[in-house]
Amino acid sequence: MDGVWRFAADYSAAGHAERWWSAELPGTVDMPVPASYNDLLPDERLRDHVGLVWYQTHARPPRSWEGRRIVLRFDGAAHDATVWVGDTIAARHTGGFLPFEVDVTDLLACGERNRITVALSNELSFSSMPPGRSHRTPAGTVSQALTADYFNYTGLHRHVWLYATPADHIEDVAVRTRLDGSTGLIDYDVTISGSAEVSVRLRDAQGGHVSSAVGAASTLEVPEAHLWEPGAGYLYRLEVEYGQDIYEVPVGIRTIEVDGRRFLINGKPFTFKGVGRHEDSPIRGRGHDDALMVHDFALLDWLGANSLRTTHYPYPEEALDYADRHGVVVIDETAAGMVNLAMDFGPRTGPPPETFGPEGFGAEARDACVRAARELIERDRNHPSVVMWCLSNEPDSAADGAREFLAPIVAEARALDPTRPVCFTNVFLAPPERDRITDLFDMVCLNRYQGWYVNGGDLASAELELRAELDRWAERYDKPILITECGADSLAGLHETAPTMWTEEYQSAVIAMVARVAEQHDAVAGQHVWSFADFLTRQEVIRPGGNLKGLFTRDRKPKAAAFDLRRRWIES
Ligand code: BDP
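These figures come from a predicted structure and were not determined experimentally.

Rules used in this analysis
Residues numbered from 1 in each chain as written. Predicted model: local features only at pLDDT ≥ 70, side-chain atom pairs only at ≥ 80, totals over all residues. Heavy atoms only, no water. Salt bridge = Lys/Arg side-chain N within 4 Å of Asp/Glu carboxyl O. Buried < 20%, exposed > 50% of the residue type's maximum accessible area, 1.4 Å probe, protein only. Helix = DSSP H or I, 4+ residues; strand = E, 2+ residues; numbered from the N terminus. Expected span 1.5 Å × (residues − 1). Arc of directions from axis to C-beta. Contact = heavy atoms within 4.5 Å. Domains from an automatic or database assignment. Buried area = accessible area lost by both parts, 1.4 Å probe. Polar contact = N/O pair within 3.5 Å; in protein donor to acceptor, adjacent residues only side chain to side chain. Nonpolar A, V, L, I, M, F, W, Y, C, P; charged D, E, K, R; others polar.

(A) Quick look at the pattern of salt bridges. Enumeration over the complete set of coordinates arrives at 41 salt bridges. We note a salt bridge from Arg178 to Asp187, for which the minimum N-O separation is 2.8 Å. Arg178 gets classed as partly exposed once you look at its relative accessible area, which sits at 39%. Taking relative accessible area as the criterion, Asp187 reaches 23% and is therefore assigned partly exposed. With a closest N to O distance of 3.2 Å, Glu229 and Lys268 form a salt bridge. You can see Glu229 sitting in the loop between β18 (217-222) and β19 (236-242) and its partner Lys268 sitting in strand β23 (residues 268-269), a full 39 residues away along the chain.

Structure, rendered in structure tokens:
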């Protein structure tokens, strides 16, 4: 269903009262799908619009689909979607970074022209996913921003599908892999809509038959298994057959374990060398684009990186499929960031409200985070590239109420997936003496900006303080430490012989300093640099054209730090 749809911004919130779904949308605006709408038109009002926008298209399924089950699927509709097929509401969904689908068999007429309308709201609250807040400006408009440091792009960000299956069909497939010596064990579990027999066949990467079984749940044995390894994403193929329906799932056999201070993949210590990134680019905003995705993964490979954190939300499934095939190690993050009012530097008089106090994140927000973890794990659990769930970015982990807020999220993740470790990323305001939640998690993940927000311009002190803090974490926890973020902003093209803040040289020096400290520390299992590329944020005095901590500019040109890192990562 991708392509150019009709579009109307609902500035006066009239769409519902005027039943915009029941006829052609007013106006003549076209909008590409997938894409964010914000930067598509030279229109400031649209860019910063808070409220509803409407998308509309038509679908004419072939007559040969008669009698089949027809499904309408949205891979990502940011953030709150209501979908009509003709005059009927077909679906409602909250959370723009995870998919939803709906059976529209009874709503669509095969061979006819069917109108499909989507109303999208981008209004933020503490329980929206991602969370944010709004305020009325002196000029009388509503202004809002995420509590996190990225622009609130909105739109039909990912592919939209209309597909058909047999009426009696496969609903879901879950796989888990284990190793017994050199034998791989694949536990599979198929959910079906009826009660006919399920059969499965496992093929190797060349299509050769490996093993088969009958039944909706069983274990397949793979003698002398070819393992999925970092950098070498070997995939088997599980073909599931149920009546007239057939579905295939790529399967990578590998194990993950945290053993004391080591992060083990297939029993071998793994050192993370990678980045955090944003789904962000000029014009399309957060809209998924296969060309950009392949290019970005190629640049990651050029850097010598072996891993990626899906900052700060679930990525499109195409990205995880790519990572599976190419052996890229992924830390998969929910959109539940940042639950932290101590980090909210927006205009304010007086001290910040307490993060988990009466004006902050309460039970509704916590339930939204639990749901976000559940939906993420249900979507991504079959991907061998995913080695850990990141359940929150920089929550207020030093605050009263942090433990009560985070513990149910951790419990949900562990119940749904006992095979993967879980983490959250710690903010510098919560060093080991103040943190209240790290014992709930498997790894210590630190976002650290010594040399930038702390000891800016003074790398000698930055290095000493970073070392000292790592020692304190290592003293307290027998867990691996991962530097999940580090870096400095740089203006591409700004140079100095003596590195000073904002130059490309200074950015390189900060990243090199953290690498030196990390490599010399026994407890540290790797370094992720923030960020892969420059990206757009809300407007702020510290954000000239956005966040400039990219190794690449927003249009993917390398800065000095990219060459530096490549030298270190390719050589090591
Ligand atoms: C961390 C956040 C990240 C920000 C980064 C920064 O996790 O989203 O963009 O700092 O300030 O707090 O550059």
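The rest of the description comes next.
(B) Quick look at helix α5 (residues 402-416). With 15 residues, α5 extends 22 Å from end C-alpha to end C-alpha; this agrees with the ideal 21 Å at 1.5 Å per step. For α5, the full list of buried residues reads Ala402, Phe405, Leu406, Ile409, Val410 and Ala413. Down the axis of α5, the sector holding all buried residues measures 115 degrees, keeping them to one side. Residues Glu404 and Ala415 are exposed on α5 and point more than 90 degrees away from its buried face. In this structure, the buried residues of α5 make contact with α4 (363-380), β27 (386-393) and β28 (422-426).

(C) Summary view of the domain arrangement of the chain. Entries for the chain in the domain assignment read domain 1 (3-165), domain 2 (170-254) and domain 3 (310-342 + 355-442). The straight-line distance from the C-alpha centre of domain 1 to that of domain 3 is 27 Å. Taken together, the contacts link 17 residues of domain 1 with 23 residues of domain 3. Both faces combined, the contact of domain 1 with domain 3 buries some 1,700 Å², and carbon together with sulfur accounts for 66% of it. The largest per-residue losses of area from domain 1 upon contact with domain 3 belong to Leu98, Phe126 and Met129, which jointly make up 35% of the total buried on that side. Joining domain 1 to domain 3, the criterion identifies one salt bridge. Here Arg73 and Glu317 are joined by a salt bridge, their closest N and O atoms 3.0 Å apart. Where domain 1 meets domain 3, there are four residue pairs in polar contact (both at pLDDT 80 or more). Here the side of domain 1 that touches domain 3 is built from residues that sort into nine nonpolar, four polar and four charged.

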